[in-house]
Amino acid sequence: MWLPHSPGKPVIVVHGLFDSSYSFRHLLDYINETHPGTVVTVLDLFDGRESLRPLWEQVQGFREAVAPIMAKAPQGVHLICYSQGGLVCRALLSVMDEHNVDSFISLSSPQMGQYGDTDYLKWLFPTSMRSNLYRICYSPWGQEFSICNYWHDPHHDDLYLNASSFLALINGERDHPNATAWRKNFLRVGRMVLIGGPDDGVITPWQSSFFGFYDANETVLEMEEQLVYLRDSFGLKTLLARGAIVRCPMAGIAHTAWHSNHTLYETCIEPWLS
């Protein structure tokens, strides 16, 4: 006889670009089914167009929302963070000194940045293609848009390092006074579960979900070949060495379907919600 799991640690869900809590109704059902009684909070902040606000502004808002949930959960919490939300959550892990995140589940998130012509991009910057978007994104004005905060042009690395007010900082690619503290905070996480796949259609390259990214020739280098890993600039290498990184690639899932695919939930999410 099949018995459902007992209630797990509280689950906090952070949405992606142009999303709202409604997008996660299926995921909510799946968690209630397998972990009845588990408290799940889908944060309703920066919904729709508000998700274009600068990411540090979003991090501050989400921080204020998750702090009381963490405070009431002495055993820890689980974070499920989708797409752009995965970067918000990684920043939260960096800036929150006392976070108690057991599983950080990064669901199809451009963890090493984005470099692709997508429908989102065409809607936001209709006259720009990916090859010249750096002119907008690496300006002070461009950095006022969330998508530019993780725009990562492999052909203009110096500009990226100097102009990126978000991704280059949380990656520890640029020196800043909080780097040591942020790395220590990030390493408080119990495990990081990375989920993505080749049929995503939005995250470019899709390996960014696993901390892979293009070199200057647009050849994808895997996580272990990235400078941020080799230098262990924010704790990636340390996390892998202690067996705390789980990679769960899944083919056949489009970007907007990650949080509603039941097989994906059973395979890549449910095992980590104890």
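Preceding block: the structure.
The rules behind these values
Residue indices begin from 1 for each chain and proceed along its sequence in written order. At least 70 in pLDDT is required for a residue's local features to be given in this predicted model, at least 80 for side-chain atom pairs to be given and counted, and no such filter applies to totals for whole chains, interfaces and linings, which use all residues. Each side-chain value is derived from all of the structure's non-hydrogen atoms; neither hydrogens nor water enter the calculation. Cavities and pockets were defined on a 1 Å grid built from protein atoms only: a cavity is a group of points that admits a 1.4 Å probe but offers it no way out, a pocket is an open group of points flanked by protein on both sides within 12 Å along at least five of seven lines, and a lining residue is one with an atom within 4 Å of any such point. Grid points are joined across faces, edges and corners, and a volume is the space filled by probe spheres set on the points. A run of H or I in DSSP counts as a helix once it spans at least four residues, and a run of E counts as a strand once it spans at least two, with each numbered from the N terminus. Burial status follows relative accessibility: with a 1.4 Å probe on protein chains alone, a residue under 20% of its type maximum counts as buried, one over 50% as exposed, and anything between as partly exposed. Each pair of strands is called paired provided DSSP finds at least two bridges between the two strands. Asp, Glu, Lys and Arg are counted as charged, while Ala, Val, Leu, Ile, Met, Phe, Trp, Tyr, Cys and Pro are counted as nonpolar; the rest, among them Gly, fall into the polar class. Within 3.5 Å is the distance limit for a polar contact, defined as a pair of N or O atoms, with the added protein rule that one can donate a hydrogen and the other accept it, and that residues adjacent in sequence qualify only through two side-chain atoms. What makes two residues a contact is simply this: any of their non-hydrogen atoms within 4.5 Å. Criterion for a disulfide: a pair of cysteine sulfur atoms at a distance within 2.5 Å. Pairs were defined over the aromatic rings of Phe, Tyr and Trp, the Trp ring being its six-membered one, requiring ring centres within 6.5 Å. Orientation was assigned from the angle between planes: stacked under 30 degrees, edge-to-face over 60, tilted for the rest. Charges are assigned to positions over rings by a cutoff of 6 Å between ring centre and Lys NZ or Arg CZ, combined with an angular limit of 35 degrees from the ring normal. We call a crossover right-handed when, viewed with the strands running away from us, the connection from the first strand over the helix to the second turns clockwise. All axes are obtained by fitting lines to C-alpha atoms, using only the stretch in contact for helices, and the reported angles, taken between N-to-C directions, cover 0 to 180 degrees.

Turning next to empty space enclosed by the protein. Taken as a whole and judged by the stated rule, the model has two cavities of 30 Å³ or more. Volume-wise, the second largest cavity comes out at about 50 Å³. Residue lining of the second largest cavity: S94, L169, I170, G172, H176, A179, W182, R183, S233 and F234, and that is the complete set. Elements represented by at least two residues in the lining of the second largest cavity include exactly α8 (167-170) and α9 (179-186). Ranked by residue count, the leading element in the lining of the second largest cavity is α9, at three residues.

Here the focus is the pairing of strand β5 (residues 191-196). Burial of β5 is extensive: five of the six residues sit out of reach of the surface. Sheet topology note: the strand β4 (residues 101-107)/β5 ladder contains five bridges and is parallel. Among the inter-strand pairings, L107 is bridged to a residue of β5, identified as I195. Summarising the sheet, β5 and strand β8 (residues 245-249) pair through five bridges and their orientation is parallel. Each residue of the ladder has a partner; that of G196, found in β8, is P249.

Tracing the sequence through the fold places E270 in the segment after α12 (262-269). E270 sits in the buried class, given a relative accessible area of 14%. A sequence separation of 73 residues divides E270 from G197, and the C-alpha atoms of the two residues are 18 Å apart.

What follows covers the layout of surface pockets. The space that makes up the largest pocket amounts to roughly 350 Å³. Lining the largest pocket are 18 residues, with H152, D157, E173, Q226 and L227 sitting closest to its centre. Of all elements in the fold, only α7 (157-163), β6 (213-214) and α10 (227-230) reach the threshold of two or more residues within the lining of the largest pocket. The residue makeup of the lining of the largest pocket, split by class, is nine nonpolar, four polar and five charged.

As for its placement among the helices and strands, Q84 is situated in helix α3 (residues 84-95). One polar contact links Q84 to S146, side chain to side chain, over a distance of 2.8 Å. Not counting residues up to four positions away in its chain, the partners in contact with Q84 are G16, L17, S51, L55, Q58, P110, S146, I147 and Y150.

Right, let's get into the state of the cysteines. One pass over the full model with this rule turns up three disulfides. The disulfide that involves C137 links it to C148, with 2.1 Å between the sulfurs. The sign of the -65° torsion about the S-S bond sets the C137-C148 disulfide as left-handed. Residue C137 is located in helix α5 (residues 134-137), and its partner C148 is located in helix α6 (residues 146-149); the two are separated by eleven residues in the primary sequence.

Right, let's talk about the packing of aromatic side chains for a bit. A complete count under the given rule lists 13 aromatic pairs for this structure. On the basis of an interplanar angle of 55° and a centroid distance of 6.3 Å, the ring pair of Y138 and Y160 is categorised as tilted. In this pair, Y138 is assigned in the loop between α5 and α6 and Y160 in helix α7, connecting sequence segments 22 residues apart. Residue class for Y138 comes out buried when judged on its relative accessible area of 11%. Counting every residue linked through ring pairs, the aromatic cluster contains Y115, W151, F213 and Y214. A cation over a ring is seen here: R90 above F234, with NZ or CZ 4.6 Å from the ring centre.

What follows concerns the pairing of strand β1 (residues 11-14). Along β1, one buried face is formed by V11 and V13 and the opposite face, lined by I12 and V14, is buried too. Crossover connection from β1 via helix α1 (residues 25-34) to parallel strand β2 (residues 40-42): handedness right-handed. Two elements, β1 and strand β3 (residues 77-82), share four bridges in a ladder whose sense is parallel. Note on β3: the bridge partner recorded for I12 is L79.

With parallel pairing, the six strands of this open sheet are ordered in space as β2-β1-β3-β4-β5-β8. In the strand order of this sheet, the two ends are held by β2 and β8, each with one partner. Shown here is a sheet whose adjacent strand axes are inclined to one another by a mean of 15°, direction ignored. Across the face of the sheet, α1 comes into contact with β1, β2 and β3 while running at roughly 175° to β2. Packed on one face of the sheet, α3 meets β1, β3 and β4 and runs near 140° to β3.

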